[in-house]
Amino acid sequence: MDLSNNNLETLPPQTRRLANLQTLTLNNNPLGHFQLRQLPSLLNLETLQMRNTQRNLGNFPTNLENLILLTEVDLAQNALPKLPDSLYSLVNLKRLNLSENEITELSIGMYILNDD
Amino acid sequence: MWQKLETLNLSHNKLTSLPGSLCKISTLRRLYVNDNKLDFEGIPAGIGKLGSLEIFSAANNQLEMIPEGLCRCGSLKKLNLSSNRLITLPDTIHLIHDLVAVDLRNNPDLIMPPKPAEMTRGAGLEFYNIDFSLQNQLRLAGANIPAPAPTQSISIRKL
């Protein structure tokens, strides 16, 4: 579902019923007040594109470990000061774009990588 | 944890360093850290463990030098170090077999290192006793830095 470049400020709670959704593209919407609570329910999600959607540490969900199919996340252009911790629980993540944010360090969460 | 991460784009942020734990992501193929505030100290020496790394792009940072470890990334194909403050590079840069593109533009003080006298391993004491510290590399490149006091231990690197 591609809802890019609109003036969306939120998504309805029924979004959580889109259990088969594979790609969610919300780029360039002013979703600053949108908590993305439906996200952990989208168990078939493979791609999440939220470039320039006013993501911050307060409106990014904290429980994403069930999104085992999520392989691509685009959070560019969001003024994030650091990585949201829940990103580290995305075990099958292959591509992560965090360009054009305000990240000063990457230390937290990285320490829990397995020692191979 | 990121056991399968292949591409990580952290360009245009405010990073002064990358964590050593980044070097454990053995699946990493492309790392983009352009337009940050990285200097030599900010790149972990263990970066050579990234055996799958094909693209390392760190343009527009504050790098005076890169760790010798980066030249040991066996899959490295593209290296972008343009618009930094490079003075020199490890001479092992000449040994990266698969390198097809190196961008070193806009490093006005850069002096390329000579190729190692012997391009093969086990070529003699000289090859093993290379001091890759920044201080020594700068001195070799002609910067006005006093020579370090003679060091006790000479470690033979396990290449």
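Residues numbered from 1 in each chain as written. Chains lettered and ligands numbered in written order. Predicted model: local features only at pLDDT ≥ 70, side-chain atom pairs only at ≥ 80, totals over all residues. Heavy atoms only, no water.

Engineer: Looking at this structure, how should I read the overall build of chain A?
Structural biologist: When its secondary structure is counted, chain A shows zero helices and four strands. Reading the secondary structure of chain A in the N-to-C direction produces β-β-β-β. Radius of gyration (C-alpha) of chain A: 14 Å, near the 13 Å computed for a compact globule of 116 residues. Summarising its shape, the C-alpha atoms of chain A cover approximately 40 × 30 × 20 Å along the three principal directions. A buried classification covers 47% of the 116 residues belonging to chain A. Restricting the contact set of chain A to residue pairs at least 6 apart, pairs at least 24 apart contribute 45%. Within chain A, the 12 negative side-chain charges are centred at a point lying 9 Å from the centre of the 8 positive side-chain charges. (Helix = DSSP H or I, 4+ residues; strand = E, 2+ residues; numbered from the N terminus. Rg over C-alpha atoms; globule rule 2.2 N^0.38 Å. Buried < 20%, exposed > 50% of the residue type's maximum accessible area, 1.4 Å probe, protein only. Contact = heavy atoms within 4.5 Å. Lys, Arg positive; Asp, Glu negative; His and termini not counted. Charge placed at Lys NZ, Arg CZ, Asp CG, Glu CD.)

Engineer: Help me understand the sheet that holds strand β2 (residues 30–32) of chain B in this model?
Structural biologist: Spatial ordering of the open sheet is given by β1(A)-β2(A)-β3(A)-β4(A)-β1(B)-β2(B)-β3(B)-β4(B)-β5(B), a layout of nine strands whose pairing is parallel. Because the sheet does not close on itself, it has two edges, and the strands there are β1 (23–25) of chain A together with β5 (101–103) of chain B. Averaged over all adjacent pairs, the angle separating strand axes in this sheet is 5°, with direction ignored. Taken together, the three bridges between strand β3 (residues 72–74) of chain A and strand β4 (residues 95–97) of chain A define a ladder with parallel strand orientation. Within β4(A), the residue paired with A:Glu72 across the bridge is A:Arg95. (Pairing = 2+ DSSP bridges. Axes fitted to C-alpha atoms, helices over the stretch in contact; angles between N-to-C directions.)

Engineer: Would you take a moment to explain the interface of chain A and chain B for this structure?
Structural biologist: Often the size quoted for an interface is simply the accessible area lost on bringing the parts together. Taken together, the contact between chain A and chain B spans 27 residues of the former and 22 residues of the latter. Taken together, the connections running from chain A to chain B amount to one salt bridge. Applying the counting rule to chain A against chain B returns 18 residue pairs in polar contact (both at pLDDT 80 or more). Counted by class, the side of chain A that touches chain B contains 14 nonpolar, six polar and seven charged residues. Looking at chain direction, β4(A) and strand β1 (residues 7–9) of chain B are connected through three bridges and run parallel. Residue pairing in the sheet places A:Asn97 in a bridge with B:Asn9 of β1(B). (Salt bridge = Lys/Arg side-chain N within 4 Å of Asp/Glu carboxyl O. Polar contact = N/O pair within 3.5 Å; in protein donor to acceptor, adjacent residues only side chain to side chain. Nonpolar A, V, L, I, M, F, W, Y, C, P; charged D, E, K, R; others polar.)

Engineer: Whenever I open this one, a nonpolar patch on the surface confuses me. Can you help?
Structural biologist: Judged by side-chain polarity, A:Ile68, A:Leu69 and A:Val91 come together as a nonpolar surface patch covering roughly 220 Å² of accessible area. By relative accessible area, A:Leu69 is classed as partly exposed at 36%. (Patch = residues over 30% accessible without salt bridge, like charges linked within 9 Å, V, L, I, M, F, W, Y side chains within 5 Å. Areas by Shrake-Rupley, 256 points an atom, 1.4 Å probe, with all protein chains shown as cover.)

Engineer: What am I meant to see in the environment of A:Asn7 here?
Structural biologist: Residues and elements named next belong to chain A. Residue position: Asn7 is located in the segment before β1. Expressed as a C-alpha distance, the spacing of Asn7 and Leu70, which sit 63 residues apart in the sequence, is 26 Å. Apart from residues lying up to four places away in sequence, Asn7 is in contact with Asn29 and Pro30.

Engineer: What's the story with unusual backbone geometry in this structure? I'm lost.
Structural biologist: Negative phi characterises most residues that are not glycine, and trans characterises most peptide bonds. Residues and elements named next belong to chain A. At Gln54, a residue that is not glycine, the phi angle is positive and equals roughly 60°. Mapped onto the secondary structure, Gln54 falls in the loop between β2 (47–49) and β3. Classification of Gln54 by relative accessible area gives partly exposed; the value is 41%.

Engineer: Is there a simple way to think about the confidence of the model for chain A in this case?
Structural biologist: Atomic detail in the predicted coordinates should be set aside for any region of low pLDDT. Residue and element names in this part refer to chain A. When the pLDDT values of chain A are averaged, the result is 85; 91% of them are 70 or greater. Confidence, expressed as mean pLDDT per element, reaches its minimum in chain A at β1 with 89 and its maximum at β4 with 97. For the stretch residues 108–116, pLDDT sits under 50, and the model shows 21 contacts to residues farther than four places along the chain or on other chains. (pLDDT = per-residue confidence, 0-100.)

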